[in-house]
There are 2 protein chains.
Amino acid sequence: MATVSYPSYFIRASSNRDSHDQNKQKLNNIRINGASSMSSMKPDTLSQPAGVVSTYNSFTSVNGNSITTEECRQNIPTKKQSVDPHRQGLIIEGGVGYRQTVVIRSYEVGPDKTPTLESILNLLQETALNHVWMSGLLSNGFGATHGMVRNNLIWVVSRMQVQVDHYPIWGEVVEIDTWVGASGKNGMRRDWLVRSQATGHVFARATSTWVMMKQETRRLSKMPEEVRAEISPWFIDKQAIKEDCPEKIVKLDNKARYMDSNLKAKRSDLDMNHHVNNVKYVRWMLETIPDEILESHKLSTIILEYRRECGNSDIVQSLCQPVEGGILEDGLKHKNGINLNGFSLASEVLEGSGLLCNFEKLPLRYTHPFQVKGEGGNEEIVRGRTTWKGKIPSKPITT
Amino acid sequence: MATVSYPSYFIRASSNRDSHDQNKQKLNNIRINGASSMSSMKPDTLSQPAGVVSTYNSFTSVNGNSITTEECRQNIPTKKQSVDPHRQGLIIEGGVGYRQTVVIRSYEVGPDKTPTLESILNLLQETALNHVWMSGLLSNGFGATHGMVRNNLIWVVSRMQVQVDHYPIWGEVVEIDTWVGASGKNGMRRDWLVRSQATGHVFARATSTWVMMKQETRRLSKMPEEVRAEISPWFIDKQAIKEDCPEKIVKLDNKARYMDSNLKAKRSDLDMNHHVNNVKYVRWMLETIPDEILESHKLSTIILEYRRECGNSDIVQSLCQPVEGGILEDGLKHKNGINLNGFSLASEVLEGSGLLCNFEKLPLRYTHPFQVKGEGGNEEIVRGRTTWKGKIPSKPITT
């Protein structure tokens, strides 16, 4: 496996771990059978207060073990941890959930000082991985359990839904809770709740569904009993987003009102698994939304149905089509007015009556097919649905 | 100024601050004259342990002040702080420097599990801003002091140099120190040191130079005495990178071996100041480097000379030219061999003699003009220089 070159004083005692370079990222989470430990296995060097520097001599090697400097430096726990001061994480929900405190960083926000959806999805990925990290059964790589690695299995995400009620802002302190549950017989659900650390007020909720895939054949797999024994003790029956009947996104043909074609992944879009990270698709998806919509609206929900992987040589296209059947198909004023269930109203009429103002407050919905150009036609990588709420005019509050 | 819409229970007591939307980002840092306080002004709600949620009632408003919900939620300190538990930051260097502990996150790394240069620059920006945040004199926005806001001044970066000796890896805990010093009569230097939290070993060093600009006229300005009084108490004479004579990058004409043309900023490239963030240029700059170089080499130094701003409607081009005069202009094997000071050696000869292997270990240097297409020809936004070191073959260490 790949290691980084590093001076030998970075080597320290470590157990021999399965090292495995999964091709598909994302995570699960896990628990040592019967483990309910609150003890920390963090080495002394990591629990030292900031500013205290250990000597290089603390890095010694263990005879007979083949270890990599990478594993030593990452220091992935081999037993369950209850608190991680560096990640500002702790185990909650009676020992099976994870909470992390994060500050919204300057580079995570857009011009309106609120985090981009890409930043939010990155934080969800990060907290999910840290949940697995704390569990003690993370193999190196993008999050499979040791049992999964022994069975050559990886997790693949099949569905993700994020609902943003309010956006946090630059510098704000938020708490992200995440936990997992069963999804059918062979799947796993992972949910998140993002709240203000100061008030507990909910910013966003998210839910996702994961299934297992054979790494070599890329075919879906049942969950082996060995893996079920690892992860099922972590399952709880709690849903961040209540859905009696999850919304299905209807397939579109290849025509759409807005389209970005001939997109190709840049090197900076690749993740640890040498694949285009699924979060990156979202950036391309949202770039198709017209500026006028983004000025007056804010994304409130996104649903992503993942259908196939995207490689770094794939040429992709991002389509965007207003959802039909609503009162208003698209918040855009057309050149000569607005199309309202087939009746065209002149802009002047709408503006004079104040109707336009109200239309701008209506939620808008778009379908986003994200396709790769294949020999036999276009194949869908992701099918997305976004909902956008009208912005409430901002003004300073004078008290 | 822009505020986000938010329920009124998010309003809390706050002083009236100058709110100012700087057009150019980045920061300085500052100190209240005579302040040497170690006292924390953090409100109770922020020093509560994770999981304790304050009631909405703690958010009350102050009569007679015009405040924004945004300011309340950001909670930018109005007095110097010595410790920030959420940012994992503390004041060092006898009260004038700043140290922050960060964990390298899953989405900050590339396929080799080390952070991209863009991620490193983002972390430098973030820690610099948090340094100013802790100082107590940060105005809202991208980092000017209150004195600068009163004088309609913003900081602009004129030079940045980053030297990476070793790369941290995914999950590794690093400490980033940052501090400021004088640069000539009217400028400021900001330096950084990035180290392993476990061992203190240095990963990277960086230095940058900042000058002041009139916000409206976009002309450089002298440092007013009012501002000098704010920031000069923070200056220390300590350099992360020793340079007797900083390297100047020679101007190139518009020809280069590698070029990406017709680049245009995406919405996701814009920062809080509605400009293309200077970190984003670097992504475009490094995309011109050929894959073959990236497979065998790792960036060790980047120097960026900033020359003008880049707006979101600018069409830009990123050029890349191997630095002339070295033994080897470029590490690439050309079709029929390698050009060695004018003598062409066949690949077979090089490979047979083992020369090629050694060439791949040589540092490579590139000049990167980054230009906007103007009416009167191309104008330089940034002039960059990168140096790349040959990767040491990675292998597991068996002990």
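The structure reproduced in this document is the subject of the present report. What you are looking at is a predicted structure, and each value in this text was computed from that prediction instead of being measured.

### Here we look at the overall build of chain A
At step 1: When you go through chain A residue by residue, the secondary structure sums to nine helices and 17 strands.
At step 2: Sorting the 399 residues of chain A into buried and exposed places 59% on the buried side.
At step 3: Considering only contacts within chain A whose residues lie at least 6 apart along the sequence, 75% involve residues at least 24 apart.
At step 4: In the form shown here, chain A has an accessible surface area of approximately 16,000 Å², with 51% of it arising from carbon and sulfur atoms.

### Regarding the pattern of salt bridges
All names here are of chain A.
At step 1: Taken as a whole, this structure holds 39 salt bridges over all chains when the rule is applied.
At step 2: Two residues, Arg99 and Glu175, come together in a salt bridge whose shortest N-O distance is 3.8 Å. Placement of the pair is Arg99 in strand β4 (residues 97–103) and Glu175 in strand β6 (residues 173–183), with a sequence separation of 76 residues.
At step 3: Glu175 gets classed as buried once you look at its relative accessible area, which sits at 1%.
At step 4: We note a salt bridge from Asp191 to Arg189, for which the minimum N-O separation is 3.1 Å.
At step 5: Using a relative accessible area of 10% as the deciding quantity, one classes Arg189 as buried.
At step 6: One salt-bridge network, held together by shared partners, links Arg99, Glu175, Asp177 and Arg195.

### What to know about the packing of helix α3 (residues 117–135) of chain A against helix α6 (residues 278–287) of chain A
All names here are of chain A.
At step 1: Where α3 meets α6, the axes come as close as 9 Å, and the angle between the chain directions of the two elements is 165°. Relative to α6, the element α3 is oriented roughly antiparallel. Crossing hand, α3 versus α6: right-handed. Where α3 approaches α6, its residues Leu117, Glu118, Leu121, Asn122 and Gln125 are matched on the opposing element by Val279, Lys280, Val282, Arg283 and Leu286.
At step 2: When grouped by side-chain class, the residues that make up the contact of α3 with α6 number five nonpolar, two polar and three charged.

### Re empty space enclosed by the protein
At step 1: Using the criterion set out here, one finds five cavities of 30 Å³ or more in the structure.
At step 2: Approximately 200 Å³ is the volume attributed to the largest cavity.
At step 3: Around the largest cavity sit 20 residues that line it, and Gln88(A), Arg105(A), His86(B), Gln88(B) and Arg105(B) are the ones nearest its centre.
At step 4: Elements with a contribution of two residues or more to the lining of the largest cavity: β4 and α3 of chain A together with β4 (97–103) and α3 (117–135) of chain B.
At step 5: Here the residues of the lining of the largest cavity are counted per class, giving four nonpolar, 10 polar and six charged.

Calculation rules
- Residues numbered from 1 in each chain as written.
- Chains lettered and ligands numbered in written order.
- Predicted model: local features only at pLDDT ≥ 70, side-chain atom pairs only at ≥ 80, totals over all residues.
- Heavy atoms only, no water.
- Helix = DSSP H or I, 4+ residues; strand = E, 2+ residues; numbered from the N terminus.
- Buried < 20%, exposed > 50% of the residue type's maximum accessible area, 1.4 Å probe, protein only.
- Contact = heavy atoms within 4.5 Å.
- Areas by Shrake-Rupley, 256 points an atom, 1.4 Å probe, with all protein chains shown as cover.
- Salt bridge = Lys/Arg side-chain N within 4 Å of Asp/Glu carboxyl O.
- Axes fitted to C-alpha atoms, helices over the stretch in contact; angles between N-to-C directions.
- Parallel < 35°, antiparallel > 145°, perpendicular 65-115°, else oblique.
- Left-handed = near helix turned anticlockwise from the far one by under 90°.
- Nonpolar A, V, L, I, M, F, W, Y, C, P; charged D, E, K, R; others polar.
- 1 Å grid on protein atoms, 1.4 Å probe; cavity = no way out; pocket = protein on both sides within 12 Å on 5 of 7 lines; lining within 4 Å.
- Points joined across faces, edges and corners; volume = space filled by probe spheres on them.

Scope: geometric values only; no functional claims are made or implied.
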